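Residue-level structural notes
Take a look at the letters that make up each chain.
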Amino acid sequence: MAISSLPSVPDVPEKVGRKHRKVEPVFWWMTVPTLVVFTLAIPIPAAIGIFYSFTNYIGVGKWHFLGLANYIAMFTDPQIRQSYIFTIGFSLVTVLAVNVISFLLAVGLTARIRAKVALRTVFVIPMVISGIVIAYVFQFLFSNSLPALGQALGIGWLKESMVTNPHLAWVAVVFVTAWQSIPGTLLIYIAGLMSVPEDVYEAADIDGASKFQQMTRITIPLVFSYVVINTILGFKGYLNAYDIIVGLTNGGPGTSTMSVAMNIVNGLTNGDYAYQMANATIFFIFTLIVSLLQLSLMRGRNK
C-alpha cells in the first residue's frame, strides 16, 4: 500500500526588511542641544588646551611651538612635584578616614536606637553647605578659637594656629574635607546596611555569633560593594580638591597644602597658561588611569 504524501505547505515569503521605527522629533530637540553644549564646554576646550601645552602661549598674544619642553620642565619642577605628593597623600588619608567614620556612624544609625531619623538629619547637614563657606568658618576656628582654648588650657601645640603650621596644616585640610564628605558617604552606607536581610543576623544570633563576628563575617562582606563605591568616588573627588583648600590655607604655609587643581588654576591666571596646561594634561591622564582601574575593579566585583 502506497503511503500518501503529505500536503505541501505553501512557502511564507520572508520580510525583505524590518520596518524602522520613526524617531520622534522631541528626541532630536532634547539630544542635539545637549551634545552641542557638551562639545563646546568640554571636548573642544580640552583639545585646545592640550594643543597649547606644546607651545609658549601665556593666554594672550602670539605663541611659538615648543614641543615637549613644558612636559620636560614640569617633571623637574619641585612645586608641581610637591602638589602631586600632597594631593595623592591627602586623598588617601581622607578617603580612609571618611570611610571608617562613615561606616561606624552608619552602623550606629541603623541600630535599634531612639531618634535615629533625627540623628540622620543632623549628620547630613554639612552636605548642603558650600565648601568655601565651611572653609572660612573653620579657618576662623583654627586661627582664633582653638589658639584661645590652647592658651586657657596651657596646651602648647594648640596655642598656634594649625593652618599656619606647615606640619599641621594638612591635618586641618583633611579634617574639614572629611567633615563635609562624611554625610554623602554615610547615606550610601546606610542604604547598604538596610539592604542586608534581618534573618541573616537572626540566624547568626541562633548560632551564637558575637556582634564583632557578625560585623566582620556578615556585615562587611555583604556591603563590600558599597565600600568599593565610596572609596573610588571619594578618592577621585579628593584628587580635585580646591575650594576648601583655598578658603582654609590658600595652599600654605608656603606650598605645603597646594593641590594639583589649585596649582593649575593659579598658573592659568598668572601667565603660565601653556605650562599649566601641560600639567593639566598629565593630571587628566592620571585621573583617567584611576577611572579605568575603577571600572576594572567594579567589573571584578560584579562577576
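Residues numbered from 1 in each chain as written. Predicted model: local features only at pLDDT ≥ 70, side-chain atom pairs only at ≥ 80, totals over all residues. Heavy atoms only, no water.

**Regarding a nonpolar patch on the surface**
Selection rule: Residues enter a patch when their relative accessible area is above 30% and they make no salt bridge; the linking distance is 9 Å between like charges and 5 Å between nonpolar side chains (Val, Leu, Ile, Met, Phe, Trp, Tyr). Here the accessible surface of atoms and residues is derived via Shrake-Rupley with a 1.4 Å probe, and residues count as covered only by protein chains that are part of the display. What counts as a salt bridge is simple: a side-chain nitrogen of Lys or Arg found within 4 Å of a carboxyl oxygen of Asp or Glu. Secondary structure counts use DSSP, requiring at least four H or I residues in a row for a helix and at least two E residues in a row for a strand, with both numbered from the N terminus.
Taken together, the side chains of Val23, Val26, Phe27, Trp28, Trp29, Met30, Val32, Val36, Leu40, Ile44 and Ile48 define a hydrophobic patch exposed on the protein surface, amounting to about 1,100 Å² of accessible area. Among the secondary structure elements, those contributing two or more residues to the nonpolar patch are helix 1 (25-41) and helix 2 (43-52). Ranked by residues supplied to the nonpolar patch, first place goes to helix 1 with eight residues.

**Topic: the packing of helix 4 (residues 78-109) against helix 10 (residues 224-239)**
Here is the rule: Think of each axis as a best-fit line through the C-alpha atoms, taken over the contacting stretch in the case of a helix, with angles from 0 to 180 degrees between the N-to-C directions. Two helices crossing with the near one rotated counterclockwise from the far one by less than a right angle form a left-handed crossing, whereas a clockwise rotation gives a right-handed crossing. Contacts are assigned to residue pairs with any non-hydrogen atoms lying within 4.5 Å of each other. Only Asp, Glu, Lys and Arg are considered charged, only Ala, Val, Leu, Ile, Met, Phe, Trp, Tyr, Cys and Pro nonpolar, and every remaining residue, Gly among them, polar.
Two elements in contact, helix 4 and helix 10, have axes separated by 9 Å at closest approach and are oriented at 145°. The interaxial crossing formed by helix 4 with helix 10 has right-handed handedness. Side by side, helix 4 and helix 10 meet where Thr87, Ile88, Phe90, Ser91, Leu92, Thr94, Val95, Val98 and Asn99 of the first sit next to Val227, Asn230, Thr231, Gly234, Phe235, Tyr238 and Leu239 of the second. Residue classes in the contact of helix 4 with helix 10 are distributed as nine nonpolar, seven polar and no charged.

**Some thoughts on the environment of arginine 217**
Keep this limit in mind: The classification of residues rests on relative accessible area computed with a 1.4 Å probe and restricted to protein chains. Under 20% of the type maximum is buried, over 50% is exposed, and intermediate values are partly exposed.
The topology assignment puts arginine 217 in helix 9 (residues 211-222). Taking relative accessible area as the criterion, arginine 217 reaches 66% and is therefore assigned exposed. Distance in space between the C-alpha atoms of arginine 217 and threonine 177 is 31 Å, their sequence separation being 40 residues.

**With respect to the packing of aromatic side chains**
For any two aromatic rings, the description comes down to two numbers: the centre-to-centre distance and the angle of the planes. As a reminder, the rule being used: Stacked, edge-to-face and tilted labels apply to pairs of Phe, Tyr and Trp rings (six-membered ring for Trp) whose centres lie within 6.5 Å, assigned for plane angles under 30 degrees, over 60, and everything in between, in that order.
The final tally for this structure, using the stated rule, is 17 aromatic pairs. Seen from their ring centres, phenylalanine 138 and phenylalanine 175 are 5.8 Å apart, and the 70° between their planes marks the pair as edge-to-face. One end of the pair, phenylalanine 138, is in helix 6 (residues 131-153); the other, phenylalanine 175, is in helix 7 (residues 169-194), with 37 residues separating them in the sequence. By relative accessible area, phenylalanine 138 is classed as buried at 12%. Counting every residue linked through ring pairs, the aromatic cluster contains Phe51, Tyr52, Tyr57, Trp63 and Tyr273.

**Thoughts on unusual backbone geometry**
The omega angle of the peptide bond from glycine 252 to proline 253 is -5°, so this bond is cis rather than trans. The phi dihedral of asparagine 250 falls on the positive side, at around 55°, and the residue is not glycine. Here asparagine 250 lies in the loop between helix 11 (243-248) and helix 12 (260-269).

**Topic: a negative patch on the surface**
Inclusion rule: A positive count includes Lys and Arg, and a negative count includes Asp and Glu. His and the chain ends are not counted in either. Each charge is placed at NZ for Lys, CZ for Arg, CG for Asp and CD for Glu.
Together, Glu198, Asp199, Glu202 and Asp205 line one region of the surface with negative charge. Among the secondary structure elements, aspartate 205 is positioned in helix 8 (residues 198-206). Among the residues examined, aspartate 205 registers a relative accessible area of 42% and is labelled partly exposed.

**Focus: helix 9**
For clarity, the threshold we go by: Expected span of a helix: the number of residues minus one, times 1.5 Å. This arc describes the spread of directions from the helix axis toward the C-beta atoms.
Look at helix 9: 15 Å from first C-alpha to last across 12 residues, which is about the 16 Å you get at 1.5 Å a residue. Along helix 9, the positions that sit buried rather than exposed are Gln214, Ile218 and Thr219. Buried residues of helix 9, viewed axially, fall in a sector of 85°; they line one side. Helix 9 presents Phe212 and Arg217 as exposed residues on the side facing more than 90 degrees away from its buried surface.

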